[in-house]
Amino acid sequence: MTGITLINPATEAVLQTVEHSSLEQVDDAVARATFAQRAWAALPPAERAAALRRFATVVEGDIDNLAALEVANSGHPISQARWEAGHVRDVLNYYAAAPERMIGKTIPVAGGIDVTFLEALGVVGVIVPWNFPMTIAAWGFAPALAAGNAVLLKPAEWTPLTAIRLGELALEAGMPPGLFQVLPGKGTVIGERFVTHPEVRKVVFTGSTTVGKHVMAGCADQVKAVTLELGGKSANVIFADSDLEKAAATAPYAVFENAGQDCCARSRILVQRSVYDRFLELLEPAVKGVRVGSPLADDTEMGPLVSAAHLAKVRSYVPDDRQVAFRGSAPDGPGFWFAPTVLLPDSRTDRVAVDEIFGPVVSVLPFEDEADAITLANDSIYGLSGSIWTRDLGRAIRVSRAIESGNLSVNSHSSVRYSTPFGGYKQSGLGRELGPDAAAAFTETKNVFISTD
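Residues numbered from 1 in each chain as written. Predicted model: local features only at pLDDT ≥ 70, side-chain atom pairs only at ≥ 80, totals over all residues. Heavy atoms only, no water.

### Thoughts on the overall build of the chain
Here is step 1 of the chain: Counting secondary structure elements, the chain contains 14 helices and 20 strands.
Here is step 2 of the chain: Compactness check: the chain gives a C-alpha radius of gyration of 23 Å against a globular reference of 22 Å for 453 residues, within 12% of the reference.
Here is step 3 of the chain: Taken along its principal axes, the extent of the C-alpha atoms in the chain is 75 × 60 × 40 Å.
Here is step 4 of the chain: Taking all 453 residues of the chain together, 56% fall into the buried category.
Here is step 5 of the chain: Pairs at least 24 apart in sequence give 72% of the contacts found in the chain among residues at least 6 apart.
Here is step 6 of the chain: Accessible area for the chain stands at about 18,400 Å²; split by element, carbon and sulfur atoms hold 55% of it.
Here is step 7 of the chain: Considering the chain, the positive charge centre built from 39 side chains and the negative charge centre built from 51 side chains are found 2 Å apart. (Helix = DSSP H or I, 4+ residues; strand = E, 2+ residues; numbered from the N terminus. Rg over C-alpha atoms; globule rule 2.2 N^0.38 Å. Buried < 20%, exposed > 50% of the residue type's maximum accessible area, 1.4 Å probe, protein only. Contact = heavy atoms within 4.5 Å. Areas by Shrake-Rupley, 256 points an atom, 1.4 Å probe, with all protein chains shown as cover. Lys, Arg positive; Asp, Glu negative; His and termini not counted. Charge placed at Lys NZ, Arg CZ, Asp CG, Glu CD.)

### Remarks on empty space enclosed by the protein
Gaps between atoms show up when a probe of the same size as a water molecule is rolled over them.
Here is step 1 of the chain: Considering all chains together, one arrives at four cavities of 30 Å³ or more under this definition.
Here is step 2 of the chain: The calculated volume of the largest cavity comes to roughly 140 Å³.
Here is step 3 of the chain: In this structure, the largest cavity is lined by 16 residues; those nearest its centre are W139, V204, T206, E229 and E433.
Here is step 4 of the chain: Counting only elements with at least two residues in the lining of the largest cavity, the list comes to α5 (133-146), β8 (200-206) and β9 (225-229).
Here is step 5 of the chain: In terms of residue class, the lining of the largest cavity is built from nine nonpolar, five polar and two charged.
Here is step 6 of the chain: Quantified by volume, the second largest cavity comes out at close to 100 Å³.
Here is step 7 of the chain: Going through the elements one at a time, α13 (370-378) and β15 (382-383) are the ones with two or more residues in the lining of the second largest cavity.
Here is step 8 of the chain: In terms of residue class, the lining of the second largest cavity is made up of six nonpolar, seven polar and four charged. (1 Å grid on protein atoms, 1.4 Å probe; cavity = no way out; pocket = protein on both sides within 12 Å on 5 of 7 lines; lining within 4 Å. Points joined across faces, edges and corners; volume = space filled by probe spheres on them. Nonpolar A, V, L, I, M, F, W, Y, C, P; charged D, E, K, R; others polar.)

### Things to note about the sheet that holds strand β13 (residues 341-343)
Here is step 1 of the chain: Reading across the sheet, the seven strands line up as β12-β13-β14-β11-β10-β16-β17 and stay open at both edges, with mixed pairing between neighbours. The open sheet is flanked by β12 (324-327) and β17 (409-410), the only strands paired with a single partner.
Here is step 2 of the chain: Relative to β13, β12 runs antiparallel, the two sharing three bridges. Counterpart to F326 in the pairing with β13 is V342. (Pairing = 2+ DSSP bridges.)

### As for the layout of surface pockets
Here is step 1 of the chain: In this structure, the largest pocket spans a volume of roughly 940 Å³.
Here is step 2 of the chain: Looking at which element gives the most residues to the lining of the largest pocket, the answer is helix α8 (residues 209-221), with five residues.
Here is step 3 of the chain: Estimates place the volume of the second largest pocket at around 740 Å³.
Here is step 4 of the chain: Taken together, 30 residues line the second largest pocket, and the ones lying closest to its centre are W83, F132, E257, D262 and S414.
Here is step 5 of the chain: Where the lining of the second largest pocket is concerned, the elements lending two or more residues are α4 (78-95), α5 and α9 (244-255).
Here is step 6 of the chain: Ranked by residue count, the leading element in the lining of the second largest pocket is α4, at seven residues.

### Observations regarding the side chain of N131
Here is step 1 of the chain: For N131, the location among the structural elements is in the loop between β5 (123-127) and α5.
Here is step 2 of the chain: A distance of 3.2 Å separates a polar atom in the side chain of N131 from the backbone oxygen of Q261. (Polar contact = N/O pair within 3.5 Å; in protein donor to acceptor, adjacent residues only side chain to side chain.)

### Concerning the environment of E192
Here is step 1 of the chain: Looking at the secondary structure, you find E192 in helix α7 (residues 187-196).
Here is step 2 of the chain: Given the relative accessible area of 31%, E192 is considered partly exposed.
Here is step 3 of the chain: C-alpha of E192 to C-alpha of S329: the two residues are 137 residues apart in sequence and 41 Å apart in space.
Here is step 4 of the chain: What E192 contacts, discounting residues up to four positions off in sequence, is G187 and H214.

### Description of α4
Here is step 1 of the chain: If you check α4, its first and last C-alpha atoms are 26 Å apart, about what 18 residues at 1.5 Å a residue would give, namely 26 Å.
Here is step 2 of the chain: Here α4 has its buried residues at I78, Q80, A81, E84, A85, G86, H87, V88, V91, L92 and Y95.
Here is step 3 of the chain: The secondary structure elements touched by the buried residues of α4 are α2 (45-61), α3 (63-74), α5 and α6 (161-172). (Expected span 1.5 Å × (residues − 1).)

### Side note on the packing of α9 against helix α10 (residues 276-288)
Here is step 1 of the chain: The contact between α9 and α10 brings their axes to 8 Å, and the two run at 40°. Judged on the interaxial angle alone, α10 and α9 are oblique. Read as a crossing pair, α9 and α10 show a hand that is right-handed. In contact with L244, E245, A247, A248, A249, A251 and P252 of α9, α10 contributes R278, F279, L282, L283, A286 and V287.
Here is step 2 of the chain: When the residues that make up the contact of α9 with α10 are grouped by side-chain class, the tally is 11 nonpolar, no polar and two charged. (Axes fitted to C-alpha atoms, helices over the stretch in contact; angles between N-to-C directions. Parallel < 35°, antiparallel > 145°, perpendicular 65-115°, else oblique. Left-handed = near helix turned anticlockwise from the far one by under 90°.)

### Describing the sheet that holds strand β6 (residues 150-154)
Here is step 1 of the chain: The six strands lie next to each other as β7-β6-β5-β8-β9-β19, forming an open sheet whose pairing is mixed. With one partner strand each, in any of the chains shown, β7 (180-182) and β19 (429-430) form the two edges of the open sheet.
Here is step 2 of the chain: Here β5 pairs with β6 via five bridges, running parallel. What sits directly across from V123, in β6, is A150.

### Looking at the pairing of β5
Here is step 1 of the chain: Counting buried positions over the five residues of β5 gives five, a clear majority of the element.
Here is step 2 of the chain: Side-chain alternation along β5 places V123, G125 and I127 on one buried face and V124 and V126 on a second face that is also buried.
Here is step 3 of the chain: A crossover links β5 with its parallel partner β6, the connecting element being α5, and its sense is right-handed.
Here is step 4 of the chain: As defined by bridge partners, β5 adjoins β8 across five bridges and the pair is classed as parallel. Its bridge partner lying in β8, I127 is registered against F205. (Right-handed = clockwise from strand over helix to strand, strands pointing away.)

Any link to function would need more than the numbers given here.
Okay, here's the thing in structure tokens:
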């Protein structure tokens with residue numbers, strides 16, 4: 001059996017070694033999940049709901065521990081990590097309401113009646129990335145469990161600790177053994193087996209577009225349900241009539257939160273040319289004011305990047321100061337630190353304006369008018385998130401409809417909530433999760449005609 005040695009990204013100290021699950025262990029886990037799921041799906045909806053609420057209560061009692069694990073394993077600031085652990089609790093409570101509300105339809109037809117039932121799929125494989133290990137895991141496993149499925153959760157190799165702890169907490173809460181299992185290890189082993197195993201009826205993948213395409217192709221071989229949440233290069237569109245001070249003050253948090261390791265990061269700031277210079281003047285102190293430092297400090301707003309390998313990738317996009325407008329600060333010494341950085345690309349096709357850097361690096365580009373803003377915002381293979389800043393309500397609606405993106409905000413840097421739909425356009429994803437109908441995404445609709453003749 002192989003494993004991985006985990007490194008604290010803020011100190012470069014060794015944390016521990018986590019053993020990887022083997023192919024045989026994955027198959028055994030699927031067998032246990034298949035058995036547990038049948039009894040879980042047969043429970044009265046109220047009992048499934050109560051079990052999820054108990055799970056949420058146990059998570060609430062472990063928030064500080066979960067947060068400490070995330071700080072050590074992922075480098076998230078402690079205030080952010082506490083919020084993330086509380087978010088897991090909130091997501092479980094939210095979807096605990098779903099089992100008693102997952103009702104079918106009665107359809108009038110000639111010669112009888114037609115009814116539909118929402119039937120659980122069976123075993124669901126959830127593959128989670130390293131950037132938000134707890135929150136994204138909860139978005140998958142909570143609605144899947146609510147719908148009556150069993151869940152196999154594969155955390156990212158670099159950041160498995162909170163997922164492993166959530167698996168322990170599920171058992172402490174009395175969730176049936178085998179129903180929710182965490183399988184740390186390699187995507188080429190565990191994730192690949194989720195795709196190929198006939199008893200895994202759906203795969204939920206969050207990660208790179210390249211791997212997502214591979215998952216999609218593999219699932220197609222079995223006509224297996226799949227949800228993909230992939231890359232992004234989202235636009236933060238600033239019109240001349242907007243509140244420039246507020247737009248500039250919030251722009252750093254739209255891209256530098258979690259050190260820019262966020263598929264929803266607004267990593268392209270598009271500014272109307274008539275206010276371009278003024279916006280940059282306002283943006284500079286906001287960027288330099290981002291507090292980068294020890295994740296253990298309550299006032300830290302940005303921590304380190306997750307690993308040495310990822311730091312090297314981000315650095316490769318800023319090899320010199322040619323395009324740098326200004327930078328924030330970052331600690332010296334051990335740790336995978338990179339200061340918040342603002343670039344002025346040479347062209348709209350420059351790789352820093354096109355590629356998903358996935359770090360604290362943002363490009364600022366000018367546009368001429370509304371039509372040009374829409375063209376520039378849509379000039380990307382991605383379409384996940386974005387923001388629009390304007391005082392003109394009509395323009396806000398027009399541009400929101402015209403930008404090809406799954407999640408947009410107007411005069412705000414945030415657009416993702418567990419109570420509203422989430423998903424991407426183009427190569428940013430397939431399928432929509434979260435929101436009041438998310439649990440139904442983990443079911444099949446069964447249609448039954450009842451003759452009255």
